[in-house]
Amino acid sequence: MGRKTKNCSFPSCRLPAVSLAVWLGALLVLSGCGGKDHSLRVGAALYTQDDTFISAMAQNLEGIVREAESETGKKITLFIADGKSNQSTQMDQVDRFLARGCDVLCVNLVDRTAAAVIADKAEAEGVPLIFFNRQPVAEDIQRWDRIYYVGADAKESGALQGALVLEAWEADRETLDRNGDGVLQYVMLEGEPGHQDSLLRTEYSIKAVTDGGVEVEKLANETANWNRAQAAARTAQWLEEFGEGIEVIFSNNDDMALGAIDALSNMPRSRWPLIVGVDATAPALEAVAAGQLYGTVHNDGIGQAQAMMALALALWNGEDPAQAVDLWEGHYVWLPYRAVTLENLEEFLAE
Ligand code: BGC
Ligand code: CA
């Protein structure tokens, strides 16, 4: 019954030219669809639960599902699968969600290039699909009108991170420009290769600084795959190589910025470079409070989870998703980023 129940609630369902009332009556009898008597089943596939931001998002989703249940009085079942960084494992999980009759799929791709295959499976079953955090290319999103992407604009996070560094440079250049050459020497800790957030944060953070008229010199850049321990190892190497020649450490996310801080922990604070991250995870906010991390950029995981659930409910109820969320080009929901420093930290700690 799962499939009929699902399909008949969507406006895209094609009905032959028989009186609509007759068809609706028949469908109600056959599937009980008008009453929506089964629970909403959402399958969420994570690229890995072993990622600070993603595991927090999974918790956010669980919390929001409970809230939505008590607000709507409807039962919502959330299945969560951990892809363990393996795309074929994730494919099996998606197949299982479909076989179980999930009404909506939320997919955080392991490999962004696998989007088309998943999109086609979902379309074949008539199950709406929400990608999140790991953005497929536009062509894959446009394969079907029931495919969405919920995320945040990677360029914006890079630009905000760069603006933090530019501000710090302008406010206290004497301290930041340690060798006094007027050039900002930096290293870049990059996220996973090929991830939109790695590529665009790397590019736009530096662009914000150079657009601000500051000359920069890249001492080194390397991927640490979003990972704290890998970032600590890279930073330790760089400290050996460049010592206090590093004036700023740009990190594509907070976990890696915390790794850099781990590597610096034996060095007196007065000799640390300036460090900036992205996400505003709880431990990163603590590091801002402790003066170890100069700033970060809030990646709104709660807002993203809320948008996903609002979309899922609207699609399930056969409502126009554009009424439920701010939908851009019929497919995208963008949550804004916000810069965080000691100055506005309180606002974020309260969340
Ligand atoms: C976050 C990272 C996270 C990655 C996972 C990014 O948006 O900033 O912390 O590891 O997504 O895909
Ligand atoms: Ca310098």
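These numbers come from a predicted model, not from an experiment.

*Asks:* Honestly, helix α11 (residues 254-264) in this entry has me stumped. Any pointers?
*Replies:* One full turn of an α-helix is made of 3.6 residues, so residues set three or four places apart face in the same direction. Among the 11 residues of α11, nine are classified as buried, and the element is accordingly described as predominantly covered. Those residues of α11 that fall on the buried side of the exposure criterion are Asp254, Asp255, Met256, Ala257, Leu258, Gly259, Ala260, Ile261 and Leu264.

*Asks:* How should I be thinking about the coordination of the calcium ion (ligand 2) in this particular structure?
*Replies:* Ideal values differ by geometry: the angle at a metal is 109.5 degrees with four tetrahedral donors, but 90 or 180 degrees with six octahedral donors. Donor atoms from the polypeptide that coordinate the calcium ion (ligand 2) comprise Asp177 (OD), Asn179 (OD1), Asp181 (OD), Val183 (O), Gln185 (OE1), Glu247 (OE) and Glu247 (OE), at 2.2 to 2.5 Å from the metal. All donors of the calcium ion (ligand 2) belong to a single chain; written as a sequence motif, their spacing is D-x1-N-x1-D-x1-V-x1-Q-x61-E. Remark: Glu247 occurs in the loop between α10 (228-242) and β8 (248-251) and Asn179 occurs in the loop between α8 (173-176) and β6 (183-190); sequence separation between them is 68 residues. The exposure class of Asn179 is partly exposed, given its relative accessible area of 46%. Among the residues examined, Glu247 registers a relative accessible area of 1% and is labelled buried.

*Asks:* Hey, could you run me through the sheet that holds strand β5 (residues 147-151) in this one?
*Replies:* Backbone-to-backbone hydrogen bonds pair the strands of a sheet. The strands run either parallel or antiparallel. Read from one edge to the other, the open sheet built from six strands follows the order β2-β1-β3-β4-β5-β11, with strand pairing classed as parallel. The sheet is open, and its two edges are formed by β2 (76-82) and β11 (332-334), each paired on a single side. When the angles between neighbouring strand axes are averaged without regard to direction, this sheet yields 20°. Examined bridge by bridge, strand β4 (residues 129-132) and β5 share four bridges and lie parallel to one another.

*Asks:* Help me understand helix α3 (residues 52-72), please; the structure alone is not making it clear to me.
*Replies:* Over its 21 residues, α3 runs 30 Å from end to end, which matches the ideal 30 Å to within 8%, given 1.5 Å per residue. The set of residues buried in α3 consists of Phe53, Ile54, Met57, Ala58, Asn60, Leu61, Ile64, Val65, Ala68 and Glu69. Those residues of α3 that are buried lie in contact with β1 (40-46), β2, β4 and α13 (301-316). One side-chain oxygen at the N-terminal end of α3 lies 3.0 Å from the backbone nitrogen of Phe53; it belongs to Asp51. Gly73, located one to two residues past α3, shows a positive phi value of around 70°.

*Asks:* Sorry if this is basic, but what is going on with the packing of aromatic side chains here?
*Replies:* For any two aromatic rings, the description comes down to two numbers: the centre-to-centre distance and the angle of the planes. One pass over the structure, following the stated rule, counts seven aromatic pairs. Measuring from centroid to centroid gives 6.4 Å for Tyr149 and Tyr332, while their planes differ by 65°, and the two rings are edge-to-face. Residue Tyr149 is found in strand β5, and its partner Tyr332 is found in strand β11; the two are separated by 183 residues along the sequence. Comparing Tyr149 with Tyr332 shows no difference in burial state: the two are buried. Each ring, one from Trp328 and one from Tyr332, has its centre 5.6 Å from the other, and the planes form 65°; the classification is edge-to-face. On the basis of relative accessible area, Trp328 is assigned to the partly exposed category, the value being 45%. An aromatic cluster of three or more residues is present, and its members are Tyr149, Trp328, Tyr332 and Trp334. In this arrangement the basic side chain of Arg269 is found over the ring face of Trp272, its NZ or CZ atom lying 4.8 Å from the centre.

*Asks:* Please clarify how the pattern of salt bridges should be interpreted in this entry.
*Replies:* It is possible for side chains bearing opposite charge to pair when their charged atoms get close. Enumeration according to the criterion identifies 15 salt bridges in this entry. In this structure, the salt-bridge partner of Asp103 is Arg41, at a minimum N-O distance of 3.6 Å. A residue pair is termed long-range when its members are at least 10 positions apart, and Asp103 in the loop between α4 (87-99) and β3 (104-107) and Arg41 in strand β1 qualify at 62 residues. By the burial criterion, Asp103 is buried, and Arg41 matches it. Where Arg228 meets Asp262, a salt bridge forms, and the shortest distance between an N and an O atom there is 2.8 Å. Placement of Arg228 in helix α10 and of Asp262 in helix α11 is noted, with a sequence separation of 34 residues between them. Relative accessible area serves as the criterion here: at 34%, Arg228 is assigned to the partly exposed category.

*Asks:* I tried to follow the side chain of Asp177 on my own but got confused; where do I start?
*Replies:* Of note, Asp177 is situated in the loop between α8 and β6. Of the side chains bearing the opposite charge, Arg173 lies closest to the buried Asp177, which forms no salt bridge; the N-O distance is 4.2 Å. Excluding its chain neighbours within four sequence positions, the residues that come into contact with Asp177 are Trp169, Gly182, Val183 and Glu247.

*Asks:* How do you make sense of the packing of α11 against helix α12 (residues 282-289) when you look at a structure like this?
*Replies:* To characterise two packed helices, one gives the angle between the axes of the helices and the distance between these axes. Here α11 crosses α12 at 45°, and the two axes come no closer than 9 Å. Classified by the angle their axes make, α11 and α12 are oblique. As α11 runs across α12, the sense of the crossing is left-handed. Facing Asp254, Leu258 and Ile261 of α11, the residues of α12 in contact are Pro283, Ala284 and Ala287.

Quick notes on the rules
Residues numbered from 1 in each chain as written. Chains lettered and ligands numbered in written order. Predicted model: local features only at pLDDT ≥ 70, side-chain atom pairs only at ≥ 80, totals over all residues. Heavy atoms only, no water. Buried < 20%, exposed > 50% of the residue type's maximum accessible area, 1.4 Å probe, protein only. Helix = DSSP H or I, 4+ residues; strand = E, 2+ residues; numbered from the N terminus. Donors = N, O, S within 2.8 Å, 3.2 Å for Na, K, Ca; no water. Pairing = 2+ DSSP bridges. Axes fitted to C-alpha atoms, helices over the stretch in contact; angles between N-to-C directions. Expected span 1.5 Å × (residues − 1). Contact = heavy atoms within 4.5 Å. Polar contact = N/O pair within 3.5 Å; in protein donor to acceptor, adjacent residues only side chain to side chain. Phe/Tyr/Trp six-rings, centres within 6.5 Å; stacked < 30°, edge-to-face > 60°. Lys NZ or Arg CZ within 6 Å of the ring centre and 35° of its normal. Salt bridge = Lys/Arg side-chain N within 4 Å of Asp/Glu carboxyl O. Lys, Arg positive; Asp, Glu negative; His and termini not counted. Parallel < 35°, antiparallel > 145°, perpendicular 65-115°, else oblique. Left-handed = near helix turned anticlockwise from the far one by under 90°.

Keep in mind these values describe shape, not function.
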